[in-house]
Amino acid sequence: MPLGIALAAALLALLLVQIVHRLILRVGGQPSLLTELAQRAYRPTQWVVVLCAVYFAVRATANEVSWRHAFLHVDQLVVIGAAAWLLASLLVVAEDAALARFRTDVPDNRTARRVHTQVILIRRVTVAVVAVLAGAVMLMTFPQARLVGTSVLASAGFAGIIAGLAAQSVLRNLFAGLQLAFSDAVRLGDVIIVENEWGRVQEITLSYVVVHVWDDRRLILPTSYFTEKPFENWTRTDSALLGAVLFDVDWWLPVPEMREELRRALESTDLWDGRVSVLQVVEATGTAMQLRALVSAVDAPKLWDLRCFVREHLVTWLRDTHPTALPRFRTEMTSAMPIHATLTGQTLTTDGDSRVFSHSVDGRARAEAFTGREQ
């Protein structure tokens, strides 16, 4: 009899939830917050309502059966889990509604990316907190666990336990993730240079950050890395960047002509944002000049392509219009003939000081010592 009543209560609860769900979908119409809420919360609401109906039905009718207490305890545990699921679903819907207000597919999306980073990390924290609280409430339904928890909370060593856990790497990364979310040091979509790799921040969690490298590799770093070590953020305040292209050329190159050619090349491509076009001699050595072309673009990918375009265009221009200005090495060839010659220019003699065994008294004496005869 109690099982039949519980089954009837469960079916009635399912029917009621289904009717309410249909009404909300019909009232919501097109995709809206109400429709999203109905879709997200449908399954956990079913579990909560059905389990509550069964719990109260068994509690009211099964007063004399032996399995009543164990059944009600298990039902209570499952209700707590389903309620945590429902609460997490409601929080996710609220966070999605906040994200929908900030679009990241627009040119100036720095604020939107900051909000997305913060909301996503808050979502992870809230889901984790709800799960932990649900587990704690489940444990508190056991009398033995309640006594142990009360004694631990009342003990003086609880603060020491928390401090010891906070020193572990897992919690260090957790706190670092929260710090990244609200310090605005790095956001989703930021272009960064880390570990000598250029990439875009693809995902930020409470324990690690995923960087999408330009060649489609994924660099995974702990969140504590970004709070303990330096890194470059190319889109910290703005995505527009400056880039340099270096050229080694000969001194014969007319620099003003190359400067005008750089301007013409930039005006012929849509990669240039029209801000900076500079050509300067930054170094002059004994063999060549070093020129630096400074250009600008709206973001890092376009800047890379623009630098390659400028390099290719100016190299072709140098080769075709000023081949003599290409880098070269100069050497000076000198004669190895003796400096002193006879007046006639036909016989060349060397100074006597260049001989060891002749042309001087000491030289002839050394020759006699080695040969035994006069020179």
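A few points on the structure.

What counts and how
- Residues numbered from 1 in each chain as written.
- Predicted model: local features only at pLDDT ≥ 70, side-chain atom pairs only at ≥ 80, totals over all residues.
- Heavy atoms only, no water.
- Pairing = 2+ DSSP bridges.
- Helix = DSSP H or I, 4+ residues; strand = E, 2+ residues; numbered from the N terminus.
- Axes fitted to C-alpha atoms, helices over the stretch in contact; angles between N-to-C directions.
- Contact = heavy atoms within 4.5 Å.
- Phe/Tyr/Trp six-rings, centres within 6.5 Å; stacked < 30°, edge-to-face > 60°.
- Buried < 20%, exposed > 50% of the residue type's maximum accessible area, 1.4 Å probe, protein only.
- Salt bridge = Lys/Arg side-chain N within 4 Å of Asp/Glu carboxyl O.

## Some remarks on the sheet that holds strand E5 (residues 232–233)
And then number 1: Pairing in this open sheet of five strands is antiparallel, and the strands run E4-E3-E2-E1-E5 from one edge to the other. In the strand order of this sheet, the two ends are held by strand E4 (218–222) and E5, each with one partner.
And then number 2: With five bridges connecting them, strand E3 (residues 208–213) and E4 associate as antiparallel partners. By the bridge assignment, tyrosine 208 is partnered in E4 with proline 222.

## As for the sheet that holds strand E6 (residues 241–249)
And then number 1: The sheet built from three strands is open, its strands ordered E6-E8-E7 with antiparallel pairing. The strands lining the two open edges of the sheet, one partner per strand, are E6 and strand E7 (277–284). Mean inter-strand twist for the sheet, computed between neighbouring axes without regard to direction, equals 25 degrees.
And then number 2: As judged from the seven bridges shared by E7 and strand E8 (residues 289–297), these two strands associate in the antiparallel manner. In the strand pairing of E8, serine 277 is matched with valine 295.
And then number 3: Sitting on the sheet, helix H9 (residues 255–267) touches E6, E7 and E8, and the angle it makes with E7 is about 145 degrees.

## Describing the packing of aromatic side chains
And then number 1: A complete count under the given rule lists three aromatic pairs for this structure.
And then number 2: With centroids separated by 6.3 Å and ring planes inclined at 35 degrees, the aromatic side chains of tryptophan 198 and tryptophan 234 adopt a geometry described as tilted. Pair noted here: tryptophan 198 is in strand E2 (residues 197–204) and tryptophan 234 is in the loop between E5 and E6, with a separation of 36 residues, a long-range link.
And then number 3: Taking the relative accessible area as the measure of exposure, tryptophan 198 reaches 21% and is therefore partly exposed.
And then number 4: Aromatic pair tyrosine 225 and phenylalanine 226: ring centres 5.6 Å apart, planes at 75 degrees, arrangement edge-to-face.
And then number 5: Here tyrosine 225 falls in the buried class, since its relative accessible area comes to 10%.

## Brief notes about unusual backbone geometry
And then number 1: One non-glycine residue, glutamate 195, adopts positive backbone phi at about 55 degrees.
And then number 2: Position of glutamate 195 relative to the elements: it lies in the loop between strand E1 (191–194) and E2.
And then number 3: A relative accessible area of 45% means that glutamate 195 is categorised as partly exposed.

## Thoughts on the pattern of salt bridges
And then number 1: According to the stated counting rule, one finds six salt bridges in the structure shown.
And then number 2: The partner of glutamate 197 in a salt bridge is arginine 217, with the nearest N and O atoms 3.0 Å apart. Of this pair, glutamate 197 sits in strand E2 while arginine 217 sits in the loop between E3 and E4, and the two are 20 residues apart along the sequence.
And then number 3: In this structure arginine 217 comes out as partly exposed when scored by relative accessible area, which is 40%.
And then number 4: Across the pair glutamate 261 and arginine 264 runs a salt bridge whose closest N-O atoms are separated by 2.5 Å.

Nothing here speaks to function; it is all geometry.
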